[in-house]
Amino acid sequence: MQKDNRISIREGAFFSFISTAFKGISQVILIENAVTGLIILVAIMISSVSIGIIALLSACIATFIGRFGGTDKAIVNQGLLGYNSVLAGIALALNLEGGWRWAIALAGAAVAALFTAAMMHWMRNSQMPVLTFPYIILTWFLLLASYRLSTFQLSSNLVPQDLSHWKLQPGGTIDWIHGLVNGIGQVYFQDSLWSGILILLAVFWASRKLGLYAVLGSVAAGLTAYGLGAEITLLNLGLYGFNAVLTILAVAAVFDAKSRLAPLTGLIAAAITVPVTASVDVWLLPYGLPTLTMPFVLVTWLLLAAKKVIPKL
Amino acid sequence: MQKDNRISIREGAFFSFISTAFKGISQVILIENAVTGLIILVAIMISSVSIGIIALLSACIATFIGRFGGTDKAIVNQGLLGYNSVLAGIALALNLEGGWRWAIALAGAAVAALFTAAMMHWMRNSQMPVLTFPYIILTWFLLLASYRLSTFQLSSNLVPQDLSHWKLQPGGTIDWIHGLVNGIGQVYFQDSLWSGILILLAVFWASRKLGLYAVLGSVAAGLTAYGLGAEITLLNLGLYGFNAVLTILAVAAVFDAKSRLAPLTGLIAAAITVPVTASVDVWLLPYGLPTLTMPFVLVTWLLLAAKKVIPKL
Amino acid sequence: MQKDNRISIREGAFFSFISTAFKGISQVILIENAVTGLIILVAIMISSVSIGIIALLSACIATFIGRFGGTDKAIVNQGLLGYNSVLAGIALALNLEGGWRWAIALAGAAVAALFTAAMMHWMRNSQMPVLTFPYIILTWFLLLASYRLSTFQLSSNLVPQDLSHWKLQPGGTIDWIHGLVNGIGQVYFQDSLWSGILILLAVFWASRKLGLYAVLGSVAAGLTAYGLGAEITLLNLGLYGFNAVLTILAVAAVFDAKSRLAPLTGLIAAAITVPVTASVDVWLLPYGLPTLTMPFVLVTWLLLAAKKVIPKL
């Protein structure tokens, strides 16, 4: 009997641990739901099993650090220490090359958990959520380190550009379906139709309202970007969409969204991410770095803080 | 009778609204005075009627957002939600080209009001004023977005420069009168003698002390910049002056200026803006962006915070 | 009798002043100990008497500002207003050329004291130490101003680099002894064996524990950098070491180091400074600026804040 009990306790501990890790994956898109996390993991594995494994291991590392480091259980169990690690793991494994990248991705995931904890402390007084800021800064730093450390081999896609010779590349045929679905899939760096649809389903699984907002955010960003004359190739890849999807979820549904105007504010926020995405992208051109979710972080902080002073937003 | 009352209430509301908008214009130079705002509006219109209209509309948009958004009336009525919008509207209309720029300027003015509100929340604990930080960041972002969005057409004056081929361009004849007056006019992007003089008069209208400090700030910056070997062309345009003018007003008169040494601290602050202006300018060269009032913001925050720890400053 | 008293009071005041200045020098390496400061001053003077004089004068200027400005005596007497001035004075005198550099170094030291005071105010709520952040930002700003002000003559060693033509330069023979000792000496910009050893002795004088940690930090950084494939020339100069030395002292011994895991956390922190050093260096390449102690500041803030949320670190 006692033996069985012990096994079930161990099993319980294992399931609690793995469920927290899945929540770490779902929290990337601002949702606390283990099943959503599992479906998203499958969506990632459809395009690359090894990236999926890295995502899961990264979430586990962060959960481990939180549990054994004595962090407030409520924070750890919601997956709030994990989502930055998940993103850092995926981003580093995708943007580096060579055999060392797996080790760098996992070490980066561990530091991302520390960084997330640090930001929680730094932002305590501001009443603002940490969002994905730690992962962004960490990933940029580690990608740039490749210019000085030979074990860090940068993907050949990331090329520094000289702004003075920069030319906008218009032209191309827009593919709305792929563009809008990719806008959702790119939250997890996915640009295949099936992965995007699966991730959208995972969001709907957690909440129909969030699913609708995700679609709305992608559409709003697509139309705004098209209207402002964005490059069609970037639109088709969904690169103007994922920041808008995250932002509308954060502003209209997840954080402090009691105002009657919240849906409108969310749409405006989603639209604002478009020029901000363009701009962050240009800031980074001389360094050849990807924009990641910085526009989401900036615009969400902007609107959440503005609401404190303009309450009817 | 009742009818007349209603009209006078509506008239009162209109005048209160427009007076707040004018205060938004005067708050750019740290003054709450509707007449000062009106005189400055005239000064702007002397060189360009359409820029003047943009300035006024920007102030109105911010006032509207504040009033209907439920912001603390004391803040809105002092014009504190408006001055960043005024500057953003002017800066965007001047530094972009094409027909879309008017719409972008007004949309930028609206977002500047949100950004100002957000910064008020962010800085609440620091006991520091927001100053023009939101307008600066917003304008930089929107100007850079032009490299990715075809509706944003950047002025051909803004050219990214490669620092490794950069050469200082000394030489030229200094024109002290124009340089010093422009140092005041450039607070509102004006470089004509009459606009500068009118803006100075508007400051004197609000307070003789502030007027004298404005002159003193422009002189201090001019002498410091000349002594440190600044380029004469920039000196003549007043580009080393306007940050010093704003800084001496902020440090020596407007904020927390009870110390006996406040005038001296103000002069030192004005002098410090000169190397900071040079430096911010160089940081931005690879992006071809204008310095705007960032040196004023940095040096004012520096000295206001230093005073909290070194009280006799 | 009265005369003698007065003299001894004056002497007492002089010794208290000079002892505070020496503590300003020792606080650069996070130690409050006048003798340590004096030994380090000698170490600096071995390679350059004039740089030593600048270091001492910079500490005196900061002490003077703190005493006559009415700053809390406990802060001033620990040398906490002085160490940023010491570093700014040395860094500016070393990285600028021409006769004006001495004046710029001392003016920079004065502004560094104001900046340190300002940062103390800004960071009050975060419960984090200011570290050397003010000196770093100030030095970067003043070095960049040289592109716009002819009295600022930049050292010809500081050349902006284009990232798109950047090639990693491996190769070379590692010299462990010099590299590890320089890792300690570079805290004060020293790369000669005797200066480094003297600085290490000065640390041991203050505390054997701190001395051991300094050695450990330099070794940890050397091994990490070598393992990650850093350039040998930079390793031999100790340029991967000094940030690690400062970080291990801060994280494992000086601030909030009651956890049993503190030594391990300190070693991990020292190792993290290596990729961060590489990265900050790359960020600055287009501007040709030196990394200074920014990696130390970033990694120390990261770990001290993370400890607040993950208490067992």
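It should be emphasised that the depicted structure is a prediction, and the values quoted were computed from it without experimental measurement.

Peer 1: Before we go on, may I ask you to explain the overall build of chain A in this structure?
Peer 2: Assigned secondary structure in chain A consists of 14 helices and two strands. The C-alpha radius of gyration computed for chain A amounts to 19 Å, which stays within 12% of the reference 20 Å derived for 313 residues, consistent with globular compactness. Its C-alpha atoms put chain A at 70 × 55 × 40 Å along the principal axes. Counting over 313 residues, chain A shows a buried share of 61%. Partitioning the contacts of chain A with sequence separation of at least 6, the portion at a separation of at least 24 is 73%. Carbon and sulfur atoms provide 66% of the accessible area of chain A, an area that totals close to 12200 Å². Counting 17 positive and 11 negative side-chain charges, chain A places the averaged centre of each group 12 Å from the other.

Peer 1: Help me out: how do you make sense of the relation of the copies chain C and chain B in this one?
Peer 2: In this structure, two copies of a chain are linked by a rotation about an axis accompanied by a shift along it. When chain C is fitted to chain B, the residual RMSD is 0.0 Å, and the transformation amounts to a turn of 120° plus an axial shift of 0.0 Å. Both chain copies can therefore be described as sitting about a three-fold axis. Judged by C-alpha distance, Asn125 of chain C is the residue of chain C that lies nearest the rotation axis, at 4.5 Å. Taken together, the interface assignments show that only 9% of the residues at the interface of chain C recur at the interface of chain B, consistent with different surfaces on the two copies.

Peer 1: When you look at the interface of chain C and chain A in this model, what are you seeing that I'm missing?
Peer 2: In many analyses, interface size is given as the accessible surface area lost on bringing the parts together. Each side of the interface is counted separately: chain C has 40 residues, and chain A has 33 residues. Together chain C and chain A conceal approximately 3100 Å² of surface at their shared face, both sides included; 73% is due to carbon and sulfur atoms. Scanning the region where chain C abuts chain A turns up two salt bridges. A salt bridge links Glu231 of chain C to Arg148 of chain A; its shortest N-O distance comes to 2.9 Å. Within the residue set of the side of chain C that touches chain A, elements represented by two or more residues are helix 13 (262–284) and helix 14 (294–309) of chain C.

Peer 1: Please explain the packing of helix 14 (residues 294–309) of chain A against helix 6 (residues 100–122) of chain B as it appears in this structure.
Peer 2: In a packed pair of helices, the relevant descriptors are the angle between the two axes and the axis-to-axis distance. Helix 6 of chain B packs onto helix 14 of chain A with a crossing angle of 75° between their chain directions and a minimal axis gap of 7 Å. The pairing of helix 14 of chain A with helix 6 of chain B is recorded here as roughly perpendicular in orientation. Between helix 14 of chain A, through Trp301, Leu302, Leu303, Ala305, Ala306, Lys308 and Val309 of chain A, and helix 6 of chain B, the contact on the second element is made entirely by Val111, Leu114, Phe115, Ala117, Ala118, Met120, His121 and Trp122 of chain B. When grouped by side-chain class, the residues that make up the contact of helix 14 of chain A with helix 6 of chain B number 13 nonpolar, one polar and one charged.

Peer 1: Looking at this model, I keep getting lost on the pattern of salt bridges. Mind explaining?
Peer 2: One side chain can pair with another of opposite charge once the charged atoms of both are near each other. A full pass over the atoms with the stated rule returns nine salt bridges over all chains. With a shortest N-O distance of 3.4 Å, Lys23 of chain C and Glu32 of chain C are connected by a salt bridge. A relative accessible area of 18% means that Lys23 of chain C is categorised as buried. Overall, Glu32 of chain C belongs to the partly exposed group, its relative accessible area being 41%. Members of the salt-bridge network, linked through shared partners, are Arg148 of chain A together with Glu231 and Asp281 of chain C.

Peer 1: Would you mind going over helix 8 (residues 176–185) of chain B with me for this structure?
Peer 2: Side chains that are three or four residues apart share a direction in an α-helix, a result of its 3.6 residues per turn. Of the residues making up helix 8 of chain B, those classed as buried are Gly179, Val181, Asn182, Gly183, Ile184 and Gly185 of chain B. On its buried face, helix 8 of chain B sits against helix 9 (193–206), helix 10 (208–227), helix 11 (232–236) and helix 12 (242–254) of chain B.

Peer 1: Help me understand the packing of aromatic side chains, please; the structure alone is not making it clear to me.
Peer 2: The relation between two aromatic rings is expressed through the spacing of the ring centres and the mutual angle of the planes. A complete count under the given rule lists 21 aromatic pairs over all chains for this structure. Taking 5.4 Å as the distance between ring centres and 40° as the angle between the ring planes, the aromatic pair formed by Phe133 of chain A and Trp301 of chain A counts as tilted. Of this pair, Phe133 of chain A sits in helix 7 (residues 133–144) while Trp301 of chain A sits in helix 14, and the two are 168 residues apart along the sequence. Seen in terms of ring centroids, Phe141 of chain A and Trp283 of chain C are 6.2 Å apart; in terms of plane orientation they differ by 55°. Their pairing is tilted. Note that Phe141 of chain A is positioned in helix 7 and Trp283 of chain C in helix 13, a pairing that runs across two chains. A relative accessible area of 18% means that Phe141 of chain A is categorised as buried.

Peer 1: I would appreciate a short explanation of the domain arrangement of chain A in the present structure.
Peer 2: All names here are of chain A. Domains assigned within chain A are domain 1 (1–158) and domain 2 (162–313). The centre of domain 1, based on its C-alpha atoms, is set 22 Å off from the matching centre of domain 2. Contacts between the two partners involve 39 residues from domain 1, matched on the other side by 34 residues from domain 2. Taken over both partners, the interface formed by domain 1 and domain 2 buries close to 3300 Å², and the fraction arising from carbon and sulfur atoms is 80%. For domain 1, the biggest contributors to the area lost against domain 2 are Ile29, Leu30 and Trp140; these three give 21% of the whole. Connecting domain 1 to domain 2 are zero salt bridges.

Peer 1: Even after reading the chapter, I still don't get empty space enclosed by the protein, so can you show me in this structure?
Peer 2: Empty space left among the atoms is revealed by rolling a probe the size of a water molecule over them. The tally for this structure, following the rule as stated, stands at five cavities of 30 Å³ or more. Reported here for the largest cavity is a volume of approximately 320 Å³. Forming the boundary of the largest cavity are 21 residues, of which Pro286 of chain A, Asp162 and Pro286 of chain B together with Asp162 and Pro286 of chain C lie nearest the centre. Classifying every residue of the lining of the largest cavity gives 12 nonpolar, six polar and three charged.

Peer 1: I would appreciate a short explanation of the relation of the copies chain C and chain A in the present structure.
Peer 2: Note on the copies: chain C fits chain A at an RMSD of 0.0 Å, the axial shift is 0.0 Å, and the rotation between them is 120°. When you check the interface residues of chain C against chain A, a mere 8% turn up at the interface there too, and the two sides of the contact use different surfaces.

Peer 1: Please clarify how helix 2 (residues 34–47) of chain B should be interpreted in this entry.
Peer 2: Across its 14 residues, helix 2 of chain B extends 21 Å between first and last C-alpha, which sits within 8% of the 20 Å expected from 1.5 Å per residue. One side-chain oxygen at the N-terminal end of helix 2 of chain B lies 3.0 Å from the backbone nitrogen of Val35 of chain B; it belongs to Asn33 of chain B.

Peer 1: So what exactly am I meant to see when it comes to the interface of chain C and chain B here?
Peer 2: Each partner contributes residues to the interface: chain C has 34 residues there, and chain B has 40 residues. Our count for the chain C to chain B interface comes out at two salt bridges. Counting the contacts that link chain C with chain B gives 11 residue pairs in polar contact (both at pLDDT 80 or more). Only helix 3 (49–68), helix 6 (100–122) and helix 7 (133–144) of chain C provide two or more residues apiece to the side of chain C that touches chain B. The biggest single contributor to the side of chain C that touches chain B is helix 6 of chain C, with 10 residues. Partitioning the side of chain C that touches chain B into residue classes produces 24 nonpolar, seven polar and three charged.

Peer 1: Would you mind showing me how to read the packing of helix 2 of chain B against helix 9 of chain B here?
Peer 2: All names here are of chain B. The N-to-C vectors of helix 2 and helix 9 enclose an angle of 180°; their axes lie 9 Å apart at closest approach. Here helix 9 runs roughly antiparallel to helix 2, going by the angle between their axes. On helix 9, the residues that touch Val35, Thr36, Ile39, Ile40, Val42, Ala43, Ile46 and Ser47 of helix 2 are Ser195, Leu198, Ile199, Ala202, Val203, Trp205 and Ala206. The residue inventory of the contact of helix 2 with helix 9, partitioned by class, reads 12 nonpolar, three polar and no charged.

Peer 1: Can you walk me through unusual backbone geometry in this structure?
Peer 2: Excluding glycine, a negative phi dihedral is what most residues carry, and trans is how most peptide bonds are arranged. Residue and element names in this part refer to chain A. Of note in this structure, Leu30 is not a glycine but carries a positive phi near 70°. Within the secondary structure, Leu30 sits in the loop between helix 1 (2–26) and helix 2 (34–47). Positive phi, close to 55°, is recorded for Leu292, a residue that is not glycine. Here Leu292 lies in the loop between helix 13 (262–284) and helix 14. Here Leu292 falls in the buried class, since its relative accessible area comes to 4%.

Peer 1: Can you help me understand a nonpolar patch on the surface in this one?
Peer 2: Residues and elements named next belong to chain C. Nonpolar side chains collect at one region of the surface, where Leu38, Val42, Ile46, Trp194, Ile197 and Leu201 lie side by side and expose about 580 Å² of accessible area between them. When residues of the nonpolar patch are traced back to their parent elements, those giving at least two are helix 2 (34–47) and helix 9 (193–206). With respect to the element layout, Ile46 can be found in helix 2.

Peer 1: I'm lost on the side chain of Ser58 of chain C in this one. Help?
Peer 2: Residue and element names in this part refer to chain C. Turning to its location among the elements, Ser58 is positioned in helix 3. Of the residues examined, Ser58 reaches a relative accessible area of 0% and is grouped as buried. Reaching out from Ser58, the side chain makes a polar contact with the backbone oxygen of Ile54 at a distance of 2.7 Å.

Peer 1: Just to check I follow, could you spell out the side chain of Ser26 of chain C for this structure?
Peer 2: If you trace the backbone, Ser26 of chain C turns up in helix 1 (residues 2–26). Ignoring any residue separated from it by four or fewer positions in sequence, one finds Ser26 of chain C in contact with Ile31, Glu32, Asn33, Thr36, Gly37 and Tyr188 of chain C.

Peer 1: What am I meant to see in the environment of Phe152 of chain C here?
Peer 2: Structurally, Phe152 of chain C can be placed in the loop between helix 7 and strand 2 (153–154). Not counting residues within four places of it along the chain, the set of residues in contact with Phe152 of chain C comprises Leu228 and Pro275 of chain B together with Leu96, Ile104, Leu142, Ala145 and Ser146 of chain C.

Thresholds applied
Residues numbered from 1 in each chain as written. Chains lettered and ligands numbered in written order. Predicted model: local features only at pLDDT ≥ 70, side-chain atom pairs only at ≥ 80, totals over all residues. Heavy atoms only, no water. Helix = DSSP H or I, 4+ residues; strand = E, 2+ residues; numbered from the N terminus. Rg over C-alpha atoms; globule rule 2.2 N^0.38 Å. Buried < 20%, exposed > 50% of the residue type's maximum accessible area, 1.4 Å probe, protein only. Contact = heavy atoms within 4.5 Å. Areas by Shrake-Rupley, 256 points an atom, 1.4 Å probe, with all protein chains shown as cover. Lys, Arg positive; Asp, Glu negative; His and termini not counted. Charge placed at Lys NZ, Arg CZ, Asp CG, Glu CD. Least-squares fit on C-alpha atoms with pLDDT ≥ 70 in both. Buried area = accessible area lost by both parts, 1.4 Å probe. Salt bridge = Lys/Arg side-chain N within 4 Å of Asp/Glu carboxyl O. Axes fitted to C-alpha atoms, helices over the stretch in contact; angles between N-to-C directions. Parallel < 35°, antiparallel > 145°, perpendicular 65-115°, else oblique. Nonpolar A, V, L, I, M, F, W, Y, C, P; charged D, E, K, R; others polar. Phe/Tyr/Trp six-rings, centres within 6.5 Å; stacked < 30°, edge-to-face > 60°. Domains from an automatic or database assignment. 1 Å grid on protein atoms, 1.4 Å probe; cavity = no way out; pocket = protein on both sides within 12 Å on 5 of 7 lines; lining within 4 Å. Points joined across faces, edges and corners; volume = space filled by probe spheres on them. Expected span 1.5 Å × (residues − 1). Polar contact = N/O pair within 3.5 Å; in protein donor to acceptor, adjacent residues only side chain to side chain. Patch = residues over 30% accessible without salt bridge, like charges linked within 9 Å, V, L, I, M, F, W, Y side chains within 5 Å.

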